[in-house]
Amino acid sequence: MRKVKLKKEQYLRRRKRSKKPFPVKGEYRLCIYKSAKHIEAQIIDDFNQTTLVAASSKEKAFSKEKVNKSELASLVGKSLSERAKAKKVKKVYFDRNGFRYHGRVKSFAEASRKGGLKF
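Residues numbered from 1 in each chain as written. Predicted model: local features only at pLDDT ≥ 70, side-chain atom pairs only at ≥ 80, totals over all residues. Heavy atoms only, no water.

### Regarding the overall build of the protein
- The helix and strand tally for the protein stands at four helices and four strands.
- Over its C-alpha atoms the protein spans a radius of gyration of 15 Å, differing by no more than 12% from the 14 Å that the globule rule assigns to 119 residues.
- Across its three principal axes, the protein shows a C-alpha extent of roughly 45 × 40 × 20 Å.
- Going through the 119 residues of the protein one by one, you find that 35% of them count as buried.
- For the protein, the exposed surface amounts to about 8,200 Å²; the carbon and sulfur share of it is 54%.
- Charge centroids of the protein, computed over 35 positive and 11 negative side chains, lie 5 Å from each other. (Helix = DSSP H or I, 4+ residues; strand = E, 2+ residues; numbered from the N terminus. Rg over C-alpha atoms; globule rule 2.2 N^0.38 Å. Buried < 20%, exposed > 50% of the residue type's maximum accessible area, 1.4 Å probe, protein only. Areas by Shrake-Rupley, 256 points an atom, 1.4 Å probe, with all protein chains shown as cover. Lys, Arg positive; Asp, Glu negative; His and termini not counted. Charge placed at Lys NZ, Arg CZ, Asp CG, Glu CD.)

In C-alpha cells:
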C-alpha cells in the first residue's frame, strides 16, 4: 500500500513542477495527457481560458493507422503543430502534466518541434 501512495505523491510533485505559476498574455501552454492507449494534446491560452488547438489519437484519421503507440504519439504531435501553424501559434511552453519525459511524451515533443513549434 505504501508503494502506491508513494507513486501518487511523486506524480503529483512532478505535475506541480511542470506548471507555470502565472499565465502571461500572449503565452500559450501545450498540455498533454496520455492514457494506456491514447494521447491527447491541447494548446491553451490560460490568460483568456480558451483552447486554441487540440489533437488526439482518438480522431478518425488516426484510428486507421496501424502503428505502435510511440509512432502514434509522433503523428499526433505533427498534426497538432500543423494546426497550430494555421492559427499562427509558434511559441508555447510544454506542460508534461506530470508524465516523465521519455517514450511517448518524448516522441510527441520531438515531432511537434519538427513541425515548427518552439518550446
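### A word on the packing of helix α3 (residues 69-86) against helix α4 (residues 104-114)
- Interaxial distance between α3 and α4 falls to 7 Å at its minimum, and their mutual angle equals 35°. Once α3 is placed against α4, the crossing between them reads as right-handed. Here K69, S70, A73, S74, V76, G77, K78, L80 and S81 of α3 come into contact with α4, specifically with R104, S107, F108, A111 and S112. (Axes fitted to C-alpha atoms, helices over the stretch in contact; angles between N-to-C directions. Left-handed = near helix turned anticlockwise from the far one by under 90°. Contact = heavy atoms within 4.5 Å.)

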